[in-house]
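The lines below spell out each chain.
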Amino acid sequence: SVHTRDQVELPPPAIDNRLTVHSLWQEIDRISTEQIQAAFEGVGGEIGWQLFAEEGDMRMYRREMEVDGMVTDPLKAMHKVRGVSAREMCHYFFNPRYRYEWETTLETMTIVEEISSDAMVFHQTFKRIWPASQRDALFWSHVRAADGHTYAVTNHSTVNSDYPANTGACIRLFVTVCLACRSEYPRGQTPSRDNVTTSIAYCSTVNPGGWAPAGVLRAVYKREYPKFLKRFTGYVQEQCRGKPLAM
Ligand code: 18C
């Protein structure tokens, strides 16, 4: 059968009604809207984005920033990927079923709440980096369609009394991430695996939540962000090979 992937699992083209009646809806809507808008803004201009990694179509920029002595450098990455759609990219980033297959920093992942087909809350623990303490994160994740063949996933830290911060071995970190994707294909043609190109903007700000040596932290993200984006985009291309394109 050509229907090797269940269409109903793909990110929905409109917001799920169950999300709009949830207590987190207003925050999720506001932060997602802001993040998606910021993701597609350029890195030119005066605000000082510095290029730190470049490979093929991938470019990664950061801004050096510290909050209370902790490194919180915002990251912005741009990439172009052929043969997969924005909707497919976001499907694999959002759906927890695939996460262990591409996310190399992960130690554990727990689904805390399934809000709707397009929103979830996750608890994750990450691999420990010597000499710092292990980190965990609790965040909502929301996937949505935006204008013109655009889909985006936004992840943002939240709280839940069943998952209190800083009670065990882990220090709670705070994260805001947006993966925004836009597909293009030649005017007048039908989109297919052979002619579709997806532009990716990935923005991330991580506050380590407690002491972490600045030098180690910057060295880790300079290595880990390029590794993540190359691995994730390659993974999606591999998963989509031979399957019908889902726009
Ligand atoms: O966006 C990504 N993944 C999503 C799904 O998991 C989700 C995750 C966000 C969490 C990002 C924070 C990850 C911190 C990891 C710390 C340990 C890394 C160990 C690696 C060693 C093998 O949105 C893709 C995320 C890609 C992450 C790249 C690494 C970013 C590092 C940022 C600094 C972390 C500071 C805390 C540790 C202090 C160590 C000195």
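Rules used in this analysis
Residues numbered from 1 in each chain as written. Predicted model: local features only at pLDDT ≥ 70, side-chain atom pairs only at ≥ 80, totals over all residues. Heavy atoms only, no water. Helix = DSSP H or I, 4+ residues; strand = E, 2+ residues; numbered from the N terminus. Rg over C-alpha atoms; globule rule 2.2 N^0.38 Å. Buried < 20%, exposed > 50% of the residue type's maximum accessible area, 1.4 Å probe, protein only. Contact = heavy atoms within 4.5 Å. Near = heavy atom within 4 Å. Polar contact = N/O pair within 3.5 Å; in protein donor to acceptor, adjacent residues only side chain to side chain. Areas by Shrake-Rupley, 256 points an atom, 1.4 Å probe, with all protein chains shown as cover. Pairing = 2+ DSSP bridges. Salt bridge = Lys/Arg side-chain N within 4 Å of Asp/Glu carboxyl O.

S.K.: Would you mind showing me how to read the overall build of the chain here?
M.R.: Counting secondary structure elements, the chain contains 5 helices and 12 strands. The C-alpha atoms of the chain give 18 Å as radius of gyration, which agrees with the globular expectation for 247 residues (18 Å, within 12%). When each of the 247 residues of the chain is scored for burial, the buried share is 52%. Considering only intrachain contacts with a sequence separation of at least 6, the fraction spanning at least 24 residues in the chain is 64%.

S.K.: Can you help me understand the side chain of T72 in this one?
M.R.: As for its position among the elements, T72 is in the loop between β4 (70–71) and β5 (75–82). Exposure remark for T72: the relative accessible area of 5% places this residue in the buried category. The residues contacting T72, other than those within four sequence positions of it, are M65, E66, V67, T205, V206, N207 and P208.

S.K.: When you look at the site of the ligand in this model, what are you seeing that I'm missing?
M.R.: As a matter of local geometry, the ligand sits amid 23 residues, with E103, Q124, K127, N155 and Y202 nearest to it. A distance of 2.8 Å is found between an oxygen atom of the ligand and a side-chain nitrogen or oxygen belonging to N155. Within the side chain of Y202, one N or O atom sits 2.7 Å away from an oxygen atom of the ligand. For the ligand, whose free accessible area comes to 910 Å², the fraction covered by protein is 95%. Of all elements in the fold, only α4 (99–102), β7 (119–126), β11 (174–184) and α5 (214–240) reach the threshold of two or more residues within the shell around the ligand.

S.K.: Before we go on, may I ask you to explain the pairing of strand β9 (residues 150–157) in this structure?
M.R.: Walk down a regular strand and you will see the side chains alternate between the two sheet faces. Here β9 lies mainly inside the structure; 8 of its 8 residues are buried. Neither face of β9 is open: one carries T150, A152, T154 and H156, the other Y151, V153, N155 and S157, and all of them are buried. Both strand β8 (residues 135–146) and β9 contribute to a ladder of 8 bridges, which runs antiparallel. From the neighbouring strand, V143 faces β9, where its bridge partner is V153. Counting the residues that bridge the hairpin from β8 to β9 gives 3 residues, and of these G148 lies at a positive phi of roughly 55 degrees. With 7 bridges connecting them, β9 and β11 associate as antiparallel partners.

S.K.: Is there a simple way to explain the pattern of salt bridges in this structure?
M.R.: Opposite charge on two side chains permits them to pair, given that their charged atoms come into close proximity. In this structure the tally under the stated criterion is 14 salt bridges. Notably, a salt bridge pairs E9 with R97, separated by 2.9 Å at the nearest N-O pair. With a gap of 88 residues between them, E9 in the segment before α1 (17–20) and R97 in the loop between α3 (86–94) and α4 connect regions that are remote in the sequence. When its relative accessible area of 29% is taken as the criterion, E9 is described as partly exposed. Close ionic contact of E224 with K227 constitutes a salt bridge, the shortest N to O distance being 3.8 Å. Within this pair, E224 and its partner K227 are both found in helix α5, separated by 3 residues, close to a single helical turn. One salt-bridge network, held together by shared partners, links R62, E64, E66, D73 and R218.

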